[in-house]
Amino acid sequence: MEKPEENMGTELLALVRSLKVQIQSDIDLGKSPSYLCMRGEIPMDNSIDVDHSPVESKMLPRKSLSLEEVKKELGDCQRCPLGKLRTNLVFGEGNPKSGLVFVGEAPGGDEDIQGRPFVGRAGQLLTKIIEAMGLTRKDVYICNILKCRPPGNRNPKPEEINACEPFLIKQLKVINPQVICALGTFAAHTLLKTDVPITLLRGKFHAYHGIQLMPTYHPAYLLRNPGAKKQVWEDVQKIMTVLSPQT
Ligand code: URA
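Residues numbered from 1 in each chain as written. Predicted model: local features only at pLDDT ≥ 70, side-chain atom pairs only at ≥ 80, totals over all residues. Heavy atoms only, no water.

### Brief notes about helix α7 (residues 184-192)
An α-helical segment advances 3.6 residues per turn. Residues three or four places apart therefore align on the same side.
Alright, step 1. Most of α7 is tucked away: 7 of the 9 residues are buried.
Alright, step 2. Looking at α7, one finds that the buried residues are Gly184, Phe186, Ala187, Ala188, Thr190, Leu191 and Leu192.
Alright, step 3. Count one or two residues on from α7 and you reach lysine 193, which has phi positive near 50°. (Buried < 20%, exposed > 50% of the residue type's maximum accessible area, 1.4 Å probe, protein only. Helix = DSSP H or I, 4+ residues; strand = E, 2+ residues; numbered from the N terminus.)

### A word on unusual backbone geometry
The phi torsion of most residues other than glycine is negative, and most of the peptide bonds are trans.
Alright, step 1. Its identity as a non-glycine residue notwithstanding, lysine 193 has a phi of 50°, on the positive side.
Alright, step 2. Lysine 193 gets classed as partly exposed once you look at its relative accessible area, which sits at 41%.
Alright, step 3. Its identity is not glycine, yet histidine 209 carries a phi of approximately 45°, on the positive side.
Alright, step 4. With respect to the element layout, histidine 209 can be found in the loop between β5 (206-208) and β6 (211-216).

### Let's talk about the pairing of strand β2 (residues 100-104)
Alright, step 1. Burial of β2 is extensive: 5 of the 5 residues sit out of reach of the surface.
Alright, step 2. Residues Leu100, Phe102 and Gly104 of β2 are buried on one face, and the alternating residues Val101 and Val103, pointing to the opposite face, are buried as well.
Alright, step 3. Across 4 bridges, β2 lies against strand β4 (residues 179-183) in parallel orientation. In the strand pairing of β4, valine 103 is matched with alanine 182.
Alright, step 4. Relative to strand β3 (residues 141-144), β2 is paired through 4 bridges, and the arrangement is parallel. Counterpart to valine 101 in the pairing with β3 is tyrosine 141. (Pairing = 2+ DSSP bridges.)

Have a look at this one:
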């Protein structure tokens, strides 16, 4: 059993990591982290880009590419071994001009068969969440970190993410949404380049290249833990307060 002092150490580490992410978010969002009352360098690890240039300079530059062109470039992708195992590549779907993009982990069995994101049980719950926000699936854009199903729905491997992430980044550049909602630990960790627990990341906006990113629990987690729906509802309400009415 973990000793109480070891437990405290783990909690302290998670808190420090969470604080680092929050400070970086505040800097990226142009808020002054005056609560630090600190001169000089803010010590952070290399995974977080600490520069104090205006927020605009770190935005994903809007490209005149279309999603169709990104899809064409992706082609019959065989950049990682998942290409050989898939039934269908799941590119993403929805409104390419939406102010809101949901990013999940990777296609599951139903998604692999249909070639569409979030169409299984977790997807049906995501659809309900979107509708509870007063929107439809056609109003938002839905995609994943990976475009092909990992066998047995195992966690994506780093080399698979490295091969796939550039295309997600291109999609996000084209859409340039007001808000990205990262669904679950995996999407939040991959996009924010952190390993802070989702319990600490969720419920707060973080900066993703000048775009506000809200991490929340994955709908598949909600199927197993319906009690967490309340927190997801709080998180999506925060998203609704920043979305323009035309979204
Ligand atoms: N889970 C995900 O993360 N993405 C999907 O598309 C379906 C289930």
